[in-house]
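Residues per chain, in single letters:
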Amino acid sequence: MAKKRKFADARQETFETRKKIGFPSSPKKWKDAKANYSEHELVINNHPVMEDWESDYMQVLASIACSQGGKVLEIGFGMGISSGYIQSHDIVEHVIIEANSDVFDKLIEFAKSAPEKVTPIFGFWQNVTKDLPDETFDGILFDTYPLQESEVHKNHFDFFVEAYRLLKNGGILTYYSDEINDFSPEHRLALERSGFKNINMQICDVNPPADCLYWKSKTIVAPIVRK
Ligand SMILES: C[S@@+](CC[C@H](N)C(=O)[O-])C[C@H]1O[C@@H](n2cnc3c(N)ncnc32)[C@H](O)[C@@H]1O
């Protein structure tokens, strides 16, 4: 019981932090915002979008997304950490969607020296994935960021239907889960309602710094969701 309360408290804290920072008033504000990169993190509109303590977790997500080889879709380039790991696998093509202009510039640079073919697409996935045909991908790695209050802790949920459409049969979806050691009932239901029945996971150890504003636990779930 005490453990459950602790989880709820941490959720509330990370929710309140983001609310306090404030969300962009329109998608355009996110698209045009300066991406502030430093050695260990990426900050956009004062939001801690990505931090490099997630590297080992990103490596696991990349292995899951690339476990079938073939064509891999990634959504959210950020610091390019997961993209780098994806490129270490034997794949045919790596399609990457990114919505922020500055981050997209980094993605273009990344694509120039990547060993496997990279196809960068600029825009919000909500606007651009509809141009990608059904059953195109063998694996998908989804890692965006909540851009409005209603998306905090569940910005991946709306993508599940689209992931199901885009994956080949047998293809695998993985993503930044926002879960400590299991899927919440709401989370599992969102996957099931989108068509996914084969839902597994790996629990990863992580070590976020004490002042991390968005993750407070020592483990995080790496989803392994097969179509
Ligand atoms: C958490 S970072 C991705 C981190 C990345 N996995 C890495 O290893 O560095 C999230 C990225 O998603 C982008 N993003 C946020 N919302 C998006 C959306 N709806 N469509 C596409 N990209 C989005 C952000 O601009 C940011 O670059």
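Reference entry: report on the structure contained in this document. Sequence order as written defines residue numbering, which begins from 1 separately in each chain. Local features in a predicted model are, by the rule used here, given only for residues with pLDDT of at least 70; side-chain atom pairs are given and counted only at 80 or more, and totals for whole chains, interfaces and linings are based on all residues. Side-chain metrics in this entry use all non-hydrogen atoms of the structure; hydrogen atoms and water are not considered.

1. Points about the site of the ligand
Then comes step 1: One heavy atom within 4 Å of a molecule or strand makes the whole residue count as near it. Around the ligand, the structure places 23 residues, and the nearest of them are Met-79, Ser-82, Glu-98, Gln-126 and Asp-143.
Then comes step 2: Between N or O atoms, a polar contact is any pair within 3.5 Å; within protein, one atom must be a potential hydrogen donor and the other a potential acceptor, and residues adjacent in sequence are included only when both atoms are from side chains. A distance of 2.8 Å separates a nitrogen atom of the ligand from a polar atom in the side chain of Ser-82.
Then comes step 3: Contacts to the ligand include Ala-99, whose backbone N or O atom sits 3.4 Å from a nitrogen atom.
Then comes step 4: Mapped by element, the contributors of at least two residues to the shell around the ligand are strand E3 (47-51), helix H4 (81-87) and helix H6 (125-128).
Then comes step 5: For this classification, Asp, Glu, Lys and Arg are treated as charged, while Ala, Val, Leu, Ile, Met, Phe, Trp, Tyr, Cys and Pro are nonpolar and the rest, including Gly, are polar. Class assignment of the residues belonging to the shell around the ligand gives a composition of 13 nonpolar, 8 polar and 2 charged. Numbered from the N terminus, helices here are DSSP runs of H or I no shorter than four residues, and strands are runs of E no shorter than two.

2. Examining the nonpolar core
Then comes step 1: Note on terminology: a nonpolar core comprises buried Ala, Val, Leu, Ile, Met, Phe, Trp, Tyr and Cys residues joined through side-chain atoms within 4.5 Å. Residue burial is assigned from relative accessible area. The probe radius is 1.4 Å, only protein chains are included, and a residue is buried under 20% of its type maximum, exposed over 50%, and partly exposed in between. Judged by nonpolar contacts, the single largest core of 43 residues is most densely connected at Ile-44, Tyr-57 and Trp-215.
Then comes step 2: If you list the elements that add at least two residues to this core, you get strand E2 (41-44), E3, helix H3 (55-65), H4, helix H5 (101-113) and strand E10 (219-226).
Then comes step 3: Element by element, the count of residues in this core is highest for H3, at 7 residues.
Then comes step 4: The residues contacting Tyr-57, other than those within four sequence positions of it, are Tyr-175, Tyr-176, Ser-177, Cys-204, Val-206, Ile-220, Val-221, Ala-222 and Pro-223.
Then comes step 5: Leu-132, Ala-163, Leu-166 and Leu-167 belong to the second-largest nonpolar core, a separate cluster that totals 26 residues. In what follows, residue pairs with any heavy atoms lying within 4.5 Å of each other are defined as contacts.

3. With respect to the sheet that holds E2
Then comes step 1: Within the open sheet, the 3 strands sit side by side as E1-E2-E3. Their pairing is antiparallel. Strands at the two margins of the open sheet, each flanked by one partner only, are strand E1 (35-37) and E3. Averaged over neighbouring strand pairs, the angle between their axes works out to 25° when direction is ignored.
Then comes step 2: Bridge count for E2 against E3 is 4 bridges, and the pairing is antiparallel. Bridging across to E3, Leu-42 finds its partner in Met-50. Strands were regarded as paired on the criterion that DSSP finds at least two bridges between them. Simply put, an axis is a line fit to the C-alpha atoms, just over the touching stretch for a helix, and the angle between two N-to-C directions goes from 0 to 180 degrees.

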